[in-house]
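Coordinate inspection notes
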Amino acid sequence: MQAIGIKELLEVGAHYGHQARRWDPRMRKYIFTVKNGIHVIDLQQTVTLLDRAYHFVVNEVAKGGKVLFLGLKKEAQEVILKEAERSNQFYINYRWLGGMLTNFKSLKVSIDRMREVKRMSTDGTFEKLPKKEVVLLKREYAKLYATFNGIRDMQALPKIIFVLDPKSEQSAIREARKLDIPVISIVDTNCNPDMVDYPIPANDDSIRVVSLIIQNIANACIEGAKNIVEKLDKNAYIERTP
């Protein structure tokens, strides 16, 4: 597996930025030109930076680290879930609650509550409760599941956070920076690339672009996990060899 190239990025329209009047001047170095009032992103830089992010993820996952995929845009929720599960990583695609990283103990309390309500629905408890209370518990579970299911098995803080939209997820980025967790993010021409550690300049309004980049980061996770297995197999072989 490897990072994607300019041809693939062009095909999905990754080079289309926002209207020039809506730009963030800090994106100047990633802009190739202006066409019909629209900023055009320099995809040569996108390829270089995506490759950098890709190999960073491979190396961190190979050391046992986990990635948290964060994307709350409605059109991207499904791909965030799909790619995080495919690569055996964590995800949040419904709602970000303040303190999800900096108040980790509180997070575990909410996940435990989700599991408790789930248990109540299967061990016969619901049958003993008034219908109105059961309805409230089901609603509570639905909200907890949507918010916490993607991180239900997260026993420690992630080593990397992939953020789909830094403008919308500033709270999460602030928490990550406070905890020295590296942030990878797609940055469109209206974003501040200095907010994140590994910016990937690209059109973040296209689901085709978003899907391509998220799939690529997920592939990096898979490659990193494969390296762990290969290393373990190699060490086991050396130990068995007389």
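This is a predicted model, so every value here is computed, not measured.

Things to note about the overall build of the chain
- In terms of regular secondary structure, the chain is built from eight helices and eight strands.
- On the principal axes, the C-alpha backbone points of the chain span a range of 65 × 65 × 35 Å.
- Looking at the chain residue by residue over its 242 residues, the buried ones come to 48%.
- Contacts spanning at least 24 positions in sequence make up 64% of the contacts within the chain whose residues lie at least 6 apart.

Re helix H7 (residues 170-178)
- Buried within H7 are the following residues: Ala172, Ile173, Glu175 and Ala176. Down the axis of H7, the buried set is contained in an arc of 160 degrees. They therefore lie on one face. Of the residues in H7, the exposed ones pointing more than 90 degrees away from the buried face are Arg174 and Lys178.
- Buried residues belonging to H7 abut strand E4 (67-70), strand E6 (160-163) and strand E7 (183-187).
- Just downstream of H7, aspartate 180 is the residue with a positive phi angle, here 60 degrees.

Quick look at the sheet that holds strand E2 (residues 31-35)
- Pairing is antiparallel in the open sheet, where three strands are placed in the order E1-E3-E2. A single partner strand is all that each edge strand has here, and the edge strands are strand E1 (16-19) and E2. Each neighbouring strand pair of the sheet contributes to a mean axis angle of 30 degrees, computed without reference to strand direction.
- Two strands pair when backbone bridges link them, and E2 and strand E3 (residues 38-41) are joined in this way by four bridges, in the antiparallel orientation. Bridge pairing links isoleucine 31 to isoleucine 41 in E3.

A short note on helix H2 (residues 43-62)
- The end-to-end C-alpha distance of H2, which contains 20 residues, comes to 28 Å, matching closely the 28 Å that a straight helix rising 1.5 Å per residue would cover.
- Two to three positions downstream of the cap, the backbone nitrogen of glutamine 44 sits 3.1 Å from a side-chain oxygen, assigning the N-cap of H2 to aspartate 42.
- A positive phi of about 100 degrees marks glycine 64, the residue just after H2.

Points about the layout of surface pockets
- Its volume calculated, the largest pocket comes out at about 160 Å³.
- If you go around the largest pocket, the residues you meet are Lys66, Ala84, Glu85, Asn88, Gln89, Phe90, Tyr91, Asn149, Gly150, Ile151, Arg152 and Asp153.
- Where the lining of the largest pocket is concerned, the elements lending two or more residues are helix H3 (77-86) and strand E5 (90-92).
- Taken together, the residues that form the lining of the largest pocket break down as four nonpolar, four polar and four charged.

Some thoughts on empty space enclosed by the protein
- The tally for this structure, following the rule as stated, stands at one cavity of 30 Å³ or more.
- In this structure, the largest cavity encloses a volume near 30 Å³.
- Every residue lining the largest cavity is listed: Lys73, Glu75, Ala76, Leu164, Asp204, Asp205, Ser206, Ile207 and Val210.
- For the lining of the largest cavity, the class distribution of residues is four nonpolar, one polar and four charged.

Observations regarding the packing of aromatic side chains
- Under the counting rule described, the total for this entry stands at three aromatic pairs.
- Seen from their ring centres, phenylalanine 69 and phenylalanine 162 are 5.8 Å apart, and the 45 degrees between their planes marks the pair as tilted. Taken as a pair, phenylalanine 69 in strand E4 and phenylalanine 162 in strand E6 lie far apart in primary sequence, 93 residues in all. Taken individually, phenylalanine 69 and phenylalanine 162 each receive the classification buried, so the pair is uniform in this respect.
- Seen from their ring centres, tyrosine 141 and tyrosine 145 are 5.8 Å apart, and the 40 degrees between their planes marks the pair as tilted. Linking tyrosine 141 with tyrosine 145, this pair stays in helix H6 (residues 131-148), spanning four residues, or about one helical turn.

Rules used in this analysis
- Numbering of residues begins from 1 in every chain and follows the order in which that chain's sequence is written.
- Under the rules for a predicted model, residues below a pLDDT of 70 receive no local features and side-chain atom pairs below 80 are neither given nor counted, while totals for whole chains, interfaces and linings still include all residues.
- To get the side-chain values, take all heavy atoms of the structure and skip hydrogens and water.
- Runs of H or I in DSSP of at least four residues are treated as helices and runs of E of at least two as strands, each being numbered from the N terminus.
- Exposure classes here rest on a 1.4 Å probe applied to the protein chains alone. A residue is buried below 20% of its type maximum, exposed above 50%, and partly exposed in between.
- Whether two residues touch is decided by their heavy atoms; if any such pair falls within 4.5 Å, the residues are in contact.
- In this description, one arc is meant: the one made by directions from the helix axis to the C-beta atoms.
- Strands pair, by our definition, only if DSSP identifies at least two bridges between them.
- Every axis in this analysis is a line fitted to C-alpha atoms, fitted for helices over the stretch in contact. Angles between the N-to-C directions lie between 0 and 180 degrees.
- Any helix carries an expected span of 1.5 Å times its number of residues minus one.
- N or O atoms within 3.5 Å of each other form a polar contact, as long as, within protein, one can give a hydrogen and the other can take it, and as long as residues adjacent in sequence are counted only when both atoms are side-chain atoms.
- A pocket, in this scheme, is an open set of points on a 1 Å grid over the protein atoms alone with protein on both sides within 12 Å along at least 5 of 7 lines, while a cavity is a set where a 1.4 Å probe fits but cannot get out; residues line either one if an atom lies within 4 Å of a point.
- Grid points are joined across faces, edges and corners, and a volume is the space filled by probe spheres set on the points.
- Note that Gly is not counted as nonpolar here; it falls among the polar residues with everything else outside the nonpolar set of Ala, Val, Leu, Ile, Met, Phe, Trp, Tyr, Cys and Pro and the charged set of Asp, Glu, Lys and Arg.
- Ring pairs are drawn from Phe, Tyr and Trp, using the six-membered ring of Trp, whenever the two centres fall within 6.5 Å, and their geometry is named by plane angle: stacked under 30 degrees, edge-to-face over 60, tilted for the rest.

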